[in-house]
Amino acid sequence: MIRNNEKQPLVEDKSHEAEAVGSTRSNTHFEFINESIRDFSDEKQRQQFKKSITSIKIQNTKHIDTQDLDSYITRAKKAQQHWQATAVYQRSAALLRAADNITTHRDAIAGVIIREAGKTWREADAEVCEAIDFLRYYARCAIELSIPEILNDYPGEFNEHWIEPRGIVAVIAPWNFPLAIPLGMTVAALATGNAVILKPAEQTPYIAKMLVEKLHQSGIPKDILHLAPGLGETIGAQLVSDSRISTIAFTGSRQVGLNIIKTAYDTKPDQHFIKRVICEMGGKNAIIVDDSADLDQAIVGVRDSAFGFAGQKCSACSRCIVLESIHDSFVDRLVAATKTLEVGDPINPGTDIGPLIDQEAEHKAQCYINIGHAEGHCALAMSSPLSAEPHANRPFVGPHIFTGIQQHHSLANDEIFAPVLAVIKAKTFDEAIHIANATDYKLTGGVYTRKPSHLTKAKREFNVGNLYLNRNITGALVARQPFGGFGLSGIGEKAGGVHYLRQFTVPRVCSENTMRRGFVPETFDM
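Rules of the game
Residues numbered from 1 in each chain as written. Predicted model: local features only at pLDDT ≥ 70, side-chain atom pairs only at ≥ 80, totals over all residues. Heavy atoms only, no water. Pairing = 2+ DSSP bridges. Helix = DSSP H or I, 4+ residues; strand = E, 2+ residues; numbered from the N terminus. 1 Å grid on protein atoms, 1.4 Å probe; cavity = no way out; pocket = protein on both sides within 12 Å on 5 of 7 lines; lining within 4 Å. Points joined across faces, edges and corners; volume = space filled by probe spheres on them. Nonpolar A, V, L, I, M, F, W, Y, C, P; charged D, E, K, R; others polar. Domains from an automatic or database assignment. Buried < 20%, exposed > 50% of the residue type's maximum accessible area, 1.4 Å probe, protein only. Right-handed = clockwise from strand over helix to strand, strands pointing away. Phe/Tyr/Trp six-rings, centres within 6.5 Å; stacked < 30°, edge-to-face > 60°. Lys NZ or Arg CZ within 6 Å of the ring centre and 35° of its normal. UniProt positions renumbered as here; feature names shortened; annotations may be inferred. Salt bridge = Lys/Arg side-chain N within 4 Å of Asp/Glu carboxyl O. Contact = heavy atoms within 4.5 Å. Buried area = accessible area lost by both parts, 1.4 Å probe. Polar contact = N/O pair within 3.5 Å; in protein donor to acceptor, adjacent residues only side chain to side chain.

## Quick notes on the sheet that holds strand E1 (residues 149–150)
Inference 1: In spatial order, the strands read E1-E2-E18; together these 3 strands make up an open sheet with antiparallel pairing. Edge positions in the sheet fall to E1 and strand E18 (505–513), since each of these pairs with one other strand and no more.
Inference 2: Pairing between strand E2 (residues 157–165) and E18: 9 bridges, direction antiparallel. Residue pairing for E18: Glu160 is matched across the bridge by Cys510.

Below you can see the structure in the form of structure tokens.
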């Protein structure tokens, strides 16, 4: 069996150069060997894999207090000018070294994600690859972006456009992609010459600590990049309101994102610039399946989009809108296909769906399952493996599918972030598009059809940031599918795209009259 690589680095992966990880780190105790191929049909290899994951020790990450944070911002402010003056080639070289460092430790880092975030091997490995892609892509984009642009060719006039760093960036990260998302936001800021204060999610601080250590080991100065673990109510709030922070890059809930935007744009008397906020705030994503679709393809696509990582992706499918003529047969086959998924301990390589992140997430999921029973018909309620909970140290909720859901129901509008799928019946493709657009979120969406007219209509009328046709709606790749939504799903350029880095810069233009009236001799100190 070839290892599960949903996402591959942009350039050649060197993980086949097997190397023990523990020898390069003083504060972790990994017994992990990178492998180019894992044959999980071999009992010996499965047991070795589980032993390696179990050997990883997740260390406590101490929360900082507000005085610590003030000190970090002061040090970052002092270091900013030096980092800004550092040649972009040197900054990018450090990021490329970090990419190589993470590639070398790819399996071990995936193991940490399994332990701290509860991801399956497939999901964790894909996330590590995405992180590597962000490092290499942004490091190269930054060099191209740094080249001044000559504007027009007008006699007697020289016009030039260039960019400069904005200043200190606060990165406020989520728990569901605890490595790739914070690293992507952090690297974009560093590559363009900014200092960074990274506040990790409270559920996954150790992965963020590893991330910062890797960047420091690769040459990013410690005063330029600070880890600020702590509570959102204190550390996060202080970061957002501090007048020395120029940019806030946030991924998380809509409620927190809107509060950040409101607070950040309240300019203080000692603040001499307007902050920029880059927000990614979730989705209520839909896949439309019409009566011409290849159902073999559509069923697997809907199933994997809805239940991968237990539905805890902002791009996950939460609504499936099916044309009336194929509704019943589609649901029957979707239920049968979902039953084949293995729900269990993520430490087992054969697990398809792991646990939820914490008890709060389970409580929310159970609330919406109860709502689903009241609003529609439960077509599938897979049980959770209670025996796995003590070992995984997290709660499980099996996949649930509800039919008979209507546009006005809570299950059709609220972001649940759990393996709960609402199936909505539509009479026509036009009605399906209308239902799909009827939420405030505009993040991802998908259509399964073999009708060219429906593909064209979907491109024109399905209002989402990332539209996928005849494929699943998760797993965006850096540079290939730049990612981000609009509406109440977020503001800002798409992550993993060529325009993303510009958000961390200030554009400048100079216009010079070159029709000089001679030159004035200058003297220089030798």
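## A word on empty space enclosed by the protein
Inference 1: Throughout the structure, instances matching the rule amount to 4 cavities of 30 Å³ or more.
Inference 2: Of the voids in this model, the largest cavity is the one considered here, and its volume is about 550 Å³.
Inference 3: Taken together, 41 residues form the lining of the largest cavity, with Glu130, Ile181, Glu280, Phe483 and Ala495 sitting closest to its centre.
Inference 4: Those elements giving two or more residues to the lining of the largest cavity turn out to be helix H5 (121–146), helix H6 (180–191), strand E6 (245–251), strand E7 (276–280) and strand E17 (490–491).
Inference 5: The class makeup of the residues in the lining of the largest cavity is 21 nonpolar, 12 polar and 8 charged.
Inference 6: Counting the residues that make up the lining of the largest cavity, at least three belong to each of domain 1 (45–281 + 489–509) and domain 2 (286–469).
Inference 7: Considered as a void within the structure, the second largest cavity measures approximately 100 Å³ in volume.
Inference 8: The class makeup of the residues in the lining of the second largest cavity is 8 nonpolar, 4 polar and 2 charged.

## Comments concerning the environment of Ser52
Inference 1: As for its placement among the helices and strands, Ser52 is situated in helix H1 (residues 43–55).
Inference 2: In this structure the C-alpha to C-alpha distance between Ser52 and Ala108, which are 56 residues apart in sequence, comes to 8.5 Å.

## Notes on the pairing of strand E4 (residues 196–199)
Inference 1: Along E4, one buried face is formed by Val196 and Leu198 and the opposite face, lined by Ile197 and Lys199, is buried too.
Inference 2: Looking at chain direction, strand E3 (residues 168–172) and E4 are connected through 4 bridges and run parallel. What sits directly across from Ile172, in E4, is Lys199.
Inference 3: Tracing the backbone out of E3, into H6 and back to the parallel element E4 gives a crossover that is right-handed.
Inference 4: Relative to strand E5 (residues 225–227), E4 is paired through 3 bridges, and the arrangement is parallel. Each residue of the ladder has a partner; that of Val196, found in E5, is Leu225.
Inference 5: At this point the chain moves from E4, through helix H7 (residues 205–217), to the parallel E5, and the crossover so formed is right-handed.

## Describing the packing of aromatic side chains
Any pair of aromatic rings gets described here by the distance separating the centres and the angle formed by the planes.
Inference 1: Throughout the structure, instances matching the rule amount to 7 aromatic pairs.
Inference 2: Aromatic side chains Tyr137 and Tyr138 sit 5.9 Å apart centroid to centroid with 45° between the ring planes, which places their arrangement in the tilted category.
Inference 3: A residue is classified by how much of its surface remains accessible, and Tyr137, at 13% relative accessible area, is buried.
Inference 4: Seen in terms of ring centroids, Tyr138 and Tyr500 are 5.6 Å apart; in terms of plane orientation they differ by 10°. Their pairing is stacked. One end of the pair, Tyr138, is in helix H5; the other, Tyr500, is in the loop between E17 and E18, and 362 residues separate them in sequence. As far as burial versus exposure is concerned, Tyr138 and Tyr500 are alike and both buried.
Inference 5: An aromatic cluster is built from Phe134, Tyr137, Tyr138, Tyr500 and Phe504, whose rings are joined through pairwise contacts.
Inference 6: Taking the ring centre of Phe177 as reference, the NZ or CZ of Lys119 above it sits at 3.7 Å.

## Quick word on the UniProt feature "domain: Aldehyde dehydrogenase" (unreviewed entry) in the chain
Inference 1: The positions UniProt marks with the feature "domain: Aldehyde dehydrogenase" (unreviewed entry) are residues 47–506.
Inference 2: The span residues 47–506 is 42% helical and 17% strand by assignment, and the distance between its end C-alpha atoms comes to 53 Å.

## Digging into the environment of Gly518
Inference 1: One can find Gly518 in the segment after E18.
Inference 2: Taking C-alpha positions, Gly518 is 70 Å from Arg115, a pair spaced 403 residues apart along the chain.

## Describing the layout of surface pockets
Inference 1: Taken as a whole, the largest pocket holds about 1300 Å³ of empty space.
Inference 2: What lines the largest pocket is a set of 41 residues, and nearest its centre among them are Trp175, Phe250, Gly252, Ser253 and Val256.
Inference 3: When residues of the lining of the largest pocket are traced back to their parent elements, those giving at least two are helix H8 (232–241), E6, helix H9 (254–264) and helix H12 (359–375).
Inference 4: With 6 residues, H9 is the single largest residue contributor to the lining of the largest pocket.
Inference 5: Considering only residue class, the lining of the largest pocket consists of 18 nonpolar, 13 polar and 10 charged.
Inference 6: Counting contributing residues per domain, the lining of the largest pocket is built from domain 1 (45–281 + 489–509) and domain 2 (286–469), each supplying no fewer than three.

## Points about unusual backbone geometry
Inference 1: Positioned with a positive phi, Phe309 is a non-glycine residue whose angle comes to about 50°.
Inference 2: As for its position among the elements, Phe309 is in the loop between helix H10 (295–307) and strand E9 (317–323).
Inference 3: Notably, Asn470 is not glycine yet its phi reads approximately 55°, a positive angle.
Inference 4: As for its placement among the helices and strands, Asn470 is situated in the loop between strand E15 (466–469) and strand E16 (486–487).
Inference 5: Residue classification places Asn470 among the partly exposed positions, given a relative accessible area of 23%.

## A short note on the pattern of salt bridges
Inference 1: On inspection of all chains with the given rule, the structure shows 16 salt bridges.
Inference 2: For the salt bridge of Lys313 with Glu123, the shortest nitrogen-to-oxygen distance reads 3.1 Å. Placement of the pair is Lys313 in the loop between H10 and E9 and Glu123 in helix H5, with a sequence separation of 190 residues.
Inference 3: Exposure remark for Glu123: the relative accessible area of 10% places this residue in the buried category.
Inference 4: Here Glu461 and Lys457 are joined by a salt bridge, their closest N and O atoms 3.4 Å apart. Residue Glu461 and its partner Lys457 are located together in helix H15 (residues 452–461), separated by 4 residues, close to a single helical turn.
Inference 5: The exposure class of Glu461 is partly exposed, given its relative accessible area of 30%.

## Description of the domain arrangement of the chain
Inference 1: On domain assignment, one finds that the chain holds domain 1 (45–281 + 489–509) and domain 2 (286–469).
Inference 2: Just the C-alpha atoms count here: the centres of domain 1 and domain 2 sit 31 Å apart.
Inference 3: Domain 1 puts 23 residues into the contact, and the matching count from domain 2 is 25 residues.
Inference 4: Summing both partners gives a buried area of about 2100 Å² for domain 1 against domain 2, and 60% of it is carried by carbon and sulfur.
Inference 5: On the surface where domain 1 and domain 2 come into contact, there are 2 salt bridges.
Inference 6: Scanning the region where domain 1 abuts domain 2 turns up 10 residue pairs in polar contact (both at pLDDT 80 or more).
Inference 7: When residues of the side of domain 1 that touches domain 2 are assigned to their parent elements, the largest contribution, 5 residues, is made by H1.
Inference 8: Considering only residue class, the side of domain 1 that touches domain 2 consists of 8 nonpolar, 6 polar and 9 charged.

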